[in-house]
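If you want the building blocks of each chain, they are given just below.
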Amino acid sequence: FPPMNIKAGLSGLPSLPTGEISARASNDAPRRLNAQLRSSEDGAIRIPSLSYAGRGFDLDGSAQINAGRQTVNLDLRYEGENGAEPWPGINAEGAATAKGVLSRDGALNRMSVSADAFAMNDFSVSGLNLTAEGPPGAVRVSIDAAALETGAVGEVSDLAASGVVNATGPTTLRLNKF
């Protein structure tokens, strides 16, 4: 995040934070962050409402963090207009969603990312569907995209790839069609 002025009204610190956090960019950019935190006795920290917005963009969603089980549940949506700059120096336009659970303790990871059309600086993708599922040592990843383009590589059409990610070791990737 860019430099921000933060206001927080939290109780239950440090282990069970509950309350509200709001922040505004400290420079002239109209960026703002609002988050609600709710904790439970089992140590889970829920963020039922998360919003980060500015000129021409919105990132909204929710999350739950369970430090004891080393898991994060996410449900995020981004929408940005042409020229939107959510972080200094990073332009992001289009729409994308990410939803699922990430875990480091041996539990099942399950994440999906999709975007009909999304561009970030010199990278763009259309018709994206990415899924990742499995335990941390063998997360099966599958990606399909109608088109993917980078400044260094150019455009790749009708992309499909799959592979296995080992969060504790090397990653492999296999292209099914190119």
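Residues numbered from 1 in each chain as written. Predicted model: local features only at pLDDT ≥ 70, side-chain atom pairs only at ≥ 80, totals over all residues. Heavy atoms only, no water.

Asker: So what's going on with the overall build of the chain? Which residues, and what values?
Answerer: The number of helices and strands found in the chain is 0 helices and 12 strands. For the chain, the succession of helices and strands along the chain, N to C, is β-β-β-β-β-β-β-β-β-β-β-β. With the C-alpha coordinates aligned to their principal axes, the bounding extent of the chain is approximately 55 × 40 × 20 Å. Here the chain holds 178 residues, and 30% of them are scored as buried. The contacts in the chain between residues at least 6 apart in sequence include a share of 26% that link residues at least 24 apart. Looking at the chain as shown, the accessible area adds up to about 10400 Å², and 54% of this sits on carbon and sulfur atoms. In the chain, 15 positive and 19 negative side-chain charges are present, and the distance between their average locations comes to 7 Å. (Helix = DSSP H or I, 4+ residues; strand = E, 2+ residues; numbered from the N terminus. Buried < 20%, exposed > 50% of the residue type's maximum accessible area, 1.4 Å probe, protein only. Contact = heavy atoms within 4.5 Å. Areas by Shrake-Rupley, 256 points an atom, 1.4 Å probe, with all protein chains shown as cover. Lys, Arg positive; Asp, Glu negative; His and termini not counted. Charge placed at Lys NZ, Arg CZ, Asp CG, Glu CD.)

Asker: A description of the pairing of strand 3 (residues 32-39) should follow, citing residues and the corresponding values.
Answerer: Side chains of strand 3 alternate between two faces, with L33, A35, L37 and S39 buried and R32, N34, Q36 and R38 left unburied. Direction of pairing for strand 2 (residues 18-25) relative to strand 3: antiparallel, over a ladder of 6 bridges. Looking at strand 3, one finds that S22 is bridged to N34. Counted along the chain from strand 2 to the antiparallel partner strand 3, the turn is 6 residues long. Alignment of strand 3 against strand 4 (residues 44-54), held across 7 bridges, turns out to be antiparallel. Bridging from a neighbouring strand, N34 pairs with S51 of strand 4. (Pairing = 2+ DSSP bridges.)

Asker: An account of the pattern of salt bridges is requested, with residue identities and associated values reported.
Answerer: Per the stated rule, a full pass over the model turns up 4 salt bridges. Here R110 ties to E133 by a salt bridge, and the two come within 3.4 Å at their closest N and O atoms. Placement of R110 in strand 8 (residues 109-120) and of E133 in strand 9 (residues 123-134) is noted, with a sequence separation of 23 residues between them. The class of R110 is partly exposed, set by a relative accessible area of 45%. (Salt bridge = Lys/Arg side-chain N within 4 Å of Asp/Glu carboxyl O.)

Asker: Pulling in residues and values, what's your account of the environment of A147?
Answerer: The residue A147 is located in strand 10 (residues 139-150) in this model. C-alpha of A147 to C-alpha of S126: the two residues are 21 residues apart in sequence and 5.3 Å apart in space. Apart from the residues within four sequence positions on either side, A147 is in contact with S124, V125, S126, E155, V156 and S157.

Asker: So what about the environment of G83? Which residues, and what values?
Answerer: Looking at where G83 falls in the secondary structure, it is placed in the loop between strand 6 (71-80) and strand 7 (92-103). Exposure remark for G83: the relative accessible area of 53% places this residue in the exposed category. Taking the C-alpha atoms as reference, G83 lies 6.9 Å from E93; in sequence the two are 10 residues apart.

Asker: Residue-level account of the nonpolar core, with values.
Answerer: Ranked by size, the top nonpolar core spans 20 residues in total, and within it Y52, Y78, F118, V125 and L128 carry the most contacts. Of all the elements in the fold, those that place two or more residues in this core are strand 5 (57-66), strand 7, strand 8, strand 9, strand 10 and strand 11 (154-165). Aside from chain neighbours lying at most four places away, what touches F118 is Y78, A92, E93, G94, A95, A96, F123, S124 and V125. Counting residues in each nonpolar core, the second largest holds 5 residues, with A35, L37, I45 and A63 among its members. (Core = buried A, V, L, I, M, F, W, Y, C linked by side-chain atoms within 4.5 Å.)

Any functional reading would require information that these geometric values do not contain.
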